[in-house]
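Below, each chain spelled out in residue letters.
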Amino acid sequence: MSSFLYRLGRAAARGRGLVVVVWLMALVAVGGLALLVNKGTDDTFAIPGSESQDALDHLGHVFPELSGTTAQLVVLVPSGQRVDTAATKQAVADAAARLKKVTQVATVVNPFDAHIHNAVSPDHRAAMIAVPLKVSLTAVSPQAKQGMSAVAHELQQQLVPGAVVYAGGDAFSNKVPKLSITEALGVLIALMVLVIVFRSLIAAGMPLLTAIFGVGISVALIFGATAVFSVSSTAPMLAVMLGLAVGIDYALFLLSRHRDQLADGLEVEESIARATATAGSAVIFAGLTVIIALLALAVARIPFLTIMGVGAAVAVAMAVLIAVTLIPALLGFAGERLRPRVRRRKKRAVRVSWSHRWVRFATKAPAVTVVVIVAFLAICSIPAMSLRLALPDNSTEEEGSPARTTYEVIAEHFGPGFNGPLLVTADIVATTDPVGVMDKIADEIRGMPGVAAVPLATPNPKADTGIVQVIPTTGPDTAQTEDLVKRIRALEPHFLAKYGTATAVTGLTAVGIDVSAQLGDALLPFGILVVGLSLVLLAMVFRSVAVPIKATLGYLLSVGVAFGATSFVFVQGHLAGLLNVQHTGSIISFLPIILMGVLFGLAMDYEVFLVSRIREDYVHTGDPSHAIESGFVSASRVVVSAALIMFAVFAAFVPEGSATIKPIAFSLAVGVFVDAFVVRMTLVPAVLALLKHRAWWLPTWLDRKLPIFDAEGDAMVHELKLADWPSPGSTEVVSARNLRVGDDRDRTVFAGIELHIREREVVGLYGAGPSGKSALLFTIAGRVSRLEGDLKVLGLVLPSHAHAVRTRVALISCRDTETAADEVRAALADGIRLILLDDLDTVVNPMQRDLFRELLGRTPATFVFTCQNPEILRDVLPPATRTVAMARQFEVV
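(A) Looking closely at the overall build of the protein chain. Helix and strand counts for the protein chain come out as 28 helices and 18 strands. Taken along the three principal axes of its C-alpha coordinates, the protein chain extends 120 × 75 × 55 Å. Considering the protein chain as a whole, with its 893 residues, one finds that 56% of them fall into the buried category. Expressed as a percentage of contacts within the protein chain between residues at least 6 apart in sequence, the contacts between residues at least 24 apart total 78%.

(B) Structural context of the nonpolar core. Core analysis: the biggest nonpolar cluster contains 169 residues, and Tyr 250, Leu 305, Phe 590, Ile 593, Ile 594 and Phe 650 have the highest contact counts within it. Ranked by residues supplied to this core, first place goes to helix α22 (residues 661–691) with 20 residues. In this structure, Phe 650 is in contact with Met 241, Leu 242, Ala 245, Leu 602, Ala 665, Leu 668, Ala 669 and Val 672, ignoring residues within four places of it in sequence. Grouped together as the second largest cluster of nonpolar side chains are 31 residues, Leu 73, Val 102, Ile 129 and Ala 163 included.

(C) Region of the structure containing the sheet that holds strand β3 (residues 164–168). Taken in spatial order, the three strands line up as β2-β1-β3 in an open sheet, and their pairing is antiparallel. The outermost strands of the open sheet, each flanked by one partner alone, are β2 (126–132) and β3. Along the sheet, successive strands turn relative to each other by an average axial angle of 15°, direction set aside. Here helix α14 (residues 402–413) sits on the sheet and contacts β1 (70–76), β2 and β3; the angle it forms with β3, its principal contact strand, is near 120°.

(D) Focus on the environment of Ser 395. Structurally, the position occupied by Ser 395 is in the loop between β4 (389–390) and α14. Along the sequence, Ser 395 and Asn 419 sit 24 residues apart, while their C-alpha atoms lie 9.1 Å from each other. Residues contacting Ser 395, with those up to four places away along its chain left out, are Arg 404, Tyr 407 and His 583.

(E) Region of interest: a nonpolar patch on the surface. A cluster of nonpolar side chains, contributed by Leu 535, Val 536, Ile 549, Leu 553 and Leu 556, occupies part of the molecular surface with about 400 Å² of accessible area. Where the nonpolar patch is concerned, the elements lending two or more residues are α18 (508–542) and α19 (546–571). Per-element accounting of the nonpolar patch gives the leading share, three residues, to α19. On the secondary structure map, Leu 535 appears in helix α18.

(F) Structural context of the environment of Glu 154. With respect to the helices and strands, the residue Glu 154 is situated in helix α5 (residues 142–158). Given the relative accessible area of 35%, Glu 154 is considered partly exposed. Put simply, Glu 154 and Ala 689 are 535 residues apart on the chain and 75 Å apart in space, counted from C-alpha to C-alpha.

(G) Spatial organisation of the environment of Asp 433. Topologically, Asp 433 is positioned in the loop between β5 (422–427) and α15 (434–446). With 30 residues separating them in the primary sequence, Asp 433 and Ala 463 have C-alpha atoms 9.3 Å apart.

(H) Inspection of the sheet that holds strand β16 (residues 834–838) at higher detail. Taking strand neighbours across the sheet as the criterion, the five strands line up as β15-β16-β17-β12-β18 in an open arrangement whose pairing is parallel. Of all the strands in the sheet, the pair left with one neighbour each is β15 (810–813) and β18 (882–885). Sheet twist, expressed as the mean angle between neighbouring strand axes with direction ignored, is 15°. The strands touched by helix α25 (residues 773–780) within the sheet are β12 (762–766), β15, β16 and β17 (862–867), with β16 carrying the most contacts at an inclination of about 155°.

(I) Representation of helix α13 (residues 366–380) in the model. Taking 1.5 Å per residue, 15 residues should reach 21 Å; α13 reaches 21 Å between its end C-alpha atoms and fits that length. Of the positions making up α13, those classed as buried are Pro 366, Thr 369, Val 370, Ile 373 and Leu 377. Down the axis of α13, the buried set is contained in an arc of 95°. They therefore lie on one face. Exposed residues lying more than 90 degrees from the buried face of α13 are Val 368, Val 371, Val 372 and Ile 379.

(J) Highlighting the packing of aromatic side chains. In the structure shown here, the tally under the stated rule is 10 aromatic pairs. Seen from their ring centres, Phe 647 and Phe 673 are 5.6 Å apart, and the 55° between their planes marks the pair as tilted. Of this pair, Phe 647 sits in helix α21 (residues 624–651) while Phe 673 sits in helix α22, placing them 26 residues apart in sequence. Accessibility expressed as a relative area gives 32% for Phe 647, which makes it partly exposed. A relative accessible area of 39% places Phe 673 in the partly exposed class. Each member of the aromatic cluster is reached from another via a ring pair, and the members are Phe 647, Phe 673 and Phe 677. In this structure, Arg 16 is placed above the aromatic ring of Phe 333, and the distance from its NZ or CZ to the ring centre is 5.6 Å.

(K) Here's a closer look at the state of the cysteines. As enumerated under the stated definition, the model contains zero disulfides in all. Among the cysteines around Cys 867, which has no disulfide bond, Cys 814 carries the closest sulfur, lying 10 Å off.

(L) Molecular detail of helix α1 (residues 2–14). Here α1 spans 18 Å end to end across 13 residues, near enough to the 18 Å set by a 1.5 Å rise per residue. Every buried residue belonging to α1 is among Ser 2, Ser 3, Leu 5, Tyr 6, Gly 9, Arg 10, Ala 12 and Ala 13, and all of these are buried.

(M) Spotlight on the side chain of Thr 276. Counting through the fold element by element, Thr 276 comes out in helix α9 (residues 268–295). If we ignore the near neighbours within four places in the chain, the residues touching Thr 276 are Leu 5, Gly 9, Leu 254, Ser 281, Val 324 and Pro 328.

What counts, and where the lines are drawn
Residues numbered from 1 in each chain as written. Predicted model: local features only at pLDDT ≥ 70, side-chain atom pairs only at ≥ 80, totals over all residues. Heavy atoms only, no water. Helix = DSSP H or I, 4+ residues; strand = E, 2+ residues; numbered from the N terminus. Buried < 20%, exposed > 50% of the residue type's maximum accessible area, 1.4 Å probe, protein only. Contact = heavy atoms within 4.5 Å. Core = buried A, V, L, I, M, F, W, Y, C linked by side-chain atoms within 4.5 Å. Pairing = 2+ DSSP bridges. Axes fitted to C-alpha atoms, helices over the stretch in contact; angles between N-to-C directions. Patch = residues over 30% accessible without salt bridge, like charges linked within 9 Å, V, L, I, M, F, W, Y side chains within 5 Å. Areas by Shrake-Rupley, 256 points an atom, 1.4 Å probe, with all protein chains shown as cover. Salt bridge = Lys/Arg side-chain N within 4 Å of Asp/Glu carboxyl O. Expected span 1.5 Å × (residues − 1). Arc of directions from axis to C-beta. Phe/Tyr/Trp six-rings, centres within 6.5 Å; stacked < 30°, edge-to-face > 60°. Lys NZ or Arg CZ within 6 Å of the ring centre and 35° of its normal. Disulfide = S-S within 2.5 Å.

This is the structure in structure tokens:
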């Protein structure tokens, strides 16, 4: 990976003009396509296969007037007057007739009709005109809204002075989030942080420019996808929020590494290539963790959530692609202007930086630090116990909007349950008395606790399906309404046995309850998936048992605090006024799973960038205390800057964000702050100081089974160090220096190997018993993934290029075949120029030995073989054969 990124970074820097043009063309093409084909977002939350959704879909066929969204006109007369006067009834009847002529209106329910119940408020001041539409919420036209509003205005003119007619309902809701000036404030804060970090406007502006560019392409792709999929309005906003945050951070990582290298005197193009290879590897690892976590939202098996996760993953992927292609191109344009100025300072006492002081404070009494932080974070997580999930309704609309005002008037005069009615469907196709059966079912439901009213119970015109409208005593997002839905569903066997009628509970309130329940059920498997993934990924990167466990537990603490803070504000209502929170009591259903997914990726970012520097120092020095301090100081500036930018971007969506985005942004802002500054910057150094050497222990058997992920490009750095080794322009086929390999129990197989093999040379490795000769041969062949020291084969550094070496080298076990010489001839015919022969002395067939004598004597290839004793091969080997003894003490003699 790092080698590929090195070449990619250099190519992007050299072809910078072409790279910029290609990206600009991509933006224009994708943006133009989105404008042509997009169908707008759709906030119809559904769970295919759930009882409520199946029943709602069925109503679309048998009760089409109930399949669309609804509007409501509420007539409210002044205090002390009644709404049910003759004049008002006549005016409402006339208005109902005009409403039926409005486009997209399916029917109109006159509150004063004889068969309509509970449409007049108990205080007799308000009457509610229900207006079911033929279309879904996203298809409601402006003409339909204008027509209904015009009728409401005309009706108000006909009523007594002081009377008001409110036009609202779901048809008037506007759940599409919008950007505001506060989001720009978050970007401005990010710019200020970047200016402070880089002290250069060019360097500070580059991450912002590329992040906004990536967000533009991502949002265009999401809107283009609306031509094929139903995309919720939250999806593009989540993509904007994540795309800005990770786009700035990923560019920051590359830019910071590039400037550090320029400060060390590296040439611009080489520095760009190295920064792309090293920091770029970390960016790809960080991006992959976020992308995997977002795609894992599909675990919930809810289409709108899956598409939301895919959209956000696209934004993160775009940020990664831009970081490793467009950023190197722009760095090439900037050239020497990004090289930090060397400041001459007078000699003075060495100052201890804030990072030195902080890490020393955190590790001075590590056990105390760990206990205090864990206890503090656990206490902050307690409010999460009261977390309540629900889908947004009109109570979350902007204050003063028609939908919000009408919602409040209905709740005040009719009761909160009238804003979230339930529909009980009944299959009455086999019933001889459909009206009587529906009345009996309605009577039984009417007597249940938690039911405020049953305004309607009727069969459809074909008398095959009936509906009962049930008004709960509580609001649509309360636990009591959820319990009522469960109790009505529990009566299904009773209704089937007594009336021969299958029933189901549906309606938007029931759908919301089912969505929330399924999302809640998905949290545990999703959490197990994320935790398991973090353990495996971090074990791959850090080759440790303790570090992944510590990182995962820290992530869970951060999630707990984010849940607790969100519940404290958005459920319990504390500080709601300060944060401009207009609706409390519940949070949007998919917040927890999105928070867990996104925060997982970001937490892994900080863990990798901080702990990889600590591990690098530990590998070089073997001193855990020095490694913690040195690594922390090296990485802290970048981690703090990245976390501040993330926090600023997320926090900027809180003050004026929509009711959907606001709690998500708040929880992410809290989660990022806690994870970066409390967990990674404080708890992690303390835990590592407490564990000391034990922090880096990994069983050898597990080390061999885990794949290697070079998240910091260490392999590329090692390869660059060996670029001119053993000498510039060297033609050696095999070069080894201080080479060591251990077995599964970390026992030395061979060590201290110094070996140099030239082109067309025949070299034998010999030794009796477990001398390590075969292990060395397999190591040269690229079959050993873990080794210490330096090894180049055919100019390729191992083990980072093991796959390429395996395709260019022939490894033949003479003990396991009777035609070893024939296999050598076939390898030579295929152009192989390095052939490794294990146990050559086991070849006893005279014809094969004669063929070996011919091949080894005149071939242009290089041969390396192993044997117990080279003397028995004297008649096979050419005179110039060089032999190397492998002794039992595993050293070259």
